[in-house]
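So you can see what is in the structure, the chains are spelled out below.
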Amino acid sequence: MSSNVQFLKRHQINGLSVDFGGTKISASRIINGEIVKYVESKTAGNATIDGQIYDIMQLLNQLSIQANDKISVALAGRVTKQGIWQAVNSKTLTEVTNVPLKEMLQKKLSRPVNIQNDATAAMVGEYISGAAKGYQRAAFITVSTGVGGGIIIDGNPLTSDNGLAGHIGFTSSKFATDKCGSGRQHTVESIASGNALAKIARRAGQSVNSGKDVFDAHLAGEVWATKIVIQSANAIAELCVNLNAILGLDIIAIGGSIGLAEGYLSLVMQALKHEPEIFRPKIVKAKLGKNAALIGVLANIE
Ligand code: ADP
Ligand code: BMX
């Protein structure tokens, strides 16, 4: 299903927004489409729901909530039409099962609160004022803690009542050999995500804490790390081609801290050269960078 929505233009966007990812939670105050204040904290993946809501409120409070502020929250995980929040990769957010988050936040904040998947929100941001502006059929891929996706078809975001639409990180990859925290085998997320980079490196005996450590080692010229990063880029290129074959896309924007990292997009483009030309989509870096979801999540007209 693709929902018929209208978006605010960038300069009409005002309010507070949160982007809740598997590694970091960011929040911003936006005035006339510009981020005037930005705050960030670390995600506690194993925290209880009360703990997660406490962390969201802490960031919002740092932005001094005003009575008339519009508030929207973008989230890693599935967001159903009814506003229920549920992790698809249950290892990333272990306690996020069936959480009536929209209702809980509305009660706490005494106003309507819009909640949406983080990658869908980022897609909307890129569509209204980023790399996908002017294109009617577009995808956003975040290569971050996980691998997430947002899709715009003929100007409308692809959504589903159960919130699963766009979860492209859980499609299969010929490069993958592992199961990811969704329970599915051989997913793109299991080979290309930040969590996957770290897991694969540790299994190879490297002492790393995060995907960033692997990426930094790659940039420092460590061959073992470059191999892992190239596998990630290969899987993302394969995903781009698959999406293009299914949807006939005008453009794909790549974001997330790994997607935006130095040289990553070039590796994806290199891998695309092995594909027949007709299947190669136009791919670009997300223009709004790490702010895509913060801007996009406030763009919906309710
Ligand atoms: P989230 O998943 O919370 O939205 P990010 O987009 O920052 O957050 O993605 C987090 C993943 O990206 C982690 O695996 C982290 O180690 C990795 N990462 C963070 N910063 C960088 C960087 N500068 N270069 C490469 N990887 C990074
Ligand atoms: C995972 C999944 C998606 C999310 C994507 C990017 C969970 C918790 N997350 O595929 O819902 O959009 O990661 O999220 O199921 P991030 O945490 O990497 O920003």
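Everything quoted here is computed from the prediction, not taken from an experiment.

A. Just the sheet that holds strand S4 (residues 71-75), in detail. The sheet built from five strands is open, its strands ordered S3-S2-S1-S4-S7 with mixed pairing. The open sheet terminates on both sides in strands that have one partner only, identified here as strand S3 (34-42) and strand S7 (113-117). Recorded for the sheet is a direction-independent mean angle of 15 degrees between the axes of neighbouring strands. Bridge analysis of strand S1 (residues 15-20) against S4 gives five bridges, and the strand direction is parallel. Within S4, the position partnered with Phe 20 by the bridge is Leu 75.

B. Region of the structure containing the site of ligand 1. Residues in contact with ligand 1 amount to 15 residues; listed here are only the nearest, Thr 23, Lys 24, Thr 145, Lys 212 and Ser 257. Gly 22 places a main-chain nitrogen or oxygen 3.2 Å from an oxygen atom of ligand 1. Thr 145 places a side-chain nitrogen or oxygen 2.4 Å from an oxygen atom of ligand 1. Summarising the interface, the protein chains cover 82% of the accessible area of ligand 1, which totals 560 Å² for the free molecule. At the level of secondary structure, the elements contributing two or more residues to the shell around ligand 1 comprise helix H6 (211-219) and helix H8 (256-259). By residue class, the composition of the shell around ligand 1 is three nonpolar, 10 polar and two charged.

C. Seen up close, the sheet that holds strand S12 (residues 283-285). Reading across the sheet, the five strands line up as S10-S9-S8-S11-S12 and stay open at both edges, with mixed pairing between neighbours. Of all strands in the sheet, those bounded by a partner on one side alone are strand S10 (156-157) and S12. Two elements, strand S8 (residues 138-143) and strand S11 (residues 251-255), share five bridges in a ladder whose sense is parallel. When the bridges of S11 are listed, Ala 138 appears paired with Ile 251. Sheet strands in contact with helix H7 (residues 223-247) are S8, strand S9 (147-153), S11 and S12, and its direction is about 160 degrees off that of S8.

D. Layout of the pairing of S8. The buried fraction of S8 amounts to six of the six residues, a majority that puts the element mostly inside the structure. Of the two faces of S8, the one lined by Ala 138, Phe 140 and Thr 142 and the one lined by Ala 139, Ile 141 and Val 143 are each fully buried. In this sheet, S9 lies alongside S8 in antiparallel orientation, the contact comprising six bridges. Counterpart to Ala 139 in the pairing with S9 is Ile 151. Once S8 ends, the chain turns through three residues before running back antiparallel as S9.

E. Just the nonpolar core, in detail. Within the largest apolar cluster, 44 residues are counted, with the highest numbers of intra-cluster contacts made by Ile 141, Ile 236 and Tyr 264. Breaking this core down by element, the ones donating at least two residues are S8, S9, helix H4 (189-192), helix H5 (194-203), H6, H7, S11 and helix H9 (264-272). Considering every element that reaches this core, the biggest residue donor is H7, with 12 residues. Formed by 28 residues, the second largest nonpolar core is a distinct cluster that contains Leu 16, Val 73, Leu 105 and Ile 115.

Thresholds, definitions, all that
Residues numbered from 1 in each chain as written. Chains lettered and ligands numbered in written order. Predicted model: local features only at pLDDT ≥ 70, side-chain atom pairs only at ≥ 80, totals over all residues. Heavy atoms only, no water. Pairing = 2+ DSSP bridges. Helix = DSSP H or I, 4+ residues; strand = E, 2+ residues; numbered from the N terminus. Axes fitted to C-alpha atoms, helices over the stretch in contact; angles between N-to-C directions. Near = heavy atom within 4 Å. Polar contact = N/O pair within 3.5 Å; in protein donor to acceptor, adjacent residues only side chain to side chain. Areas by Shrake-Rupley, 256 points an atom, 1.4 Å probe, with all protein chains shown as cover. Nonpolar A, V, L, I, M, F, W, Y, C, P; charged D, E, K, R; others polar. Contact = heavy atoms within 4.5 Å. Buried < 20%, exposed > 50% of the residue type's maximum accessible area, 1.4 Å probe, protein only. Core = buried A, V, L, I, M, F, W, Y, C linked by side-chain atoms within 4.5 Å.

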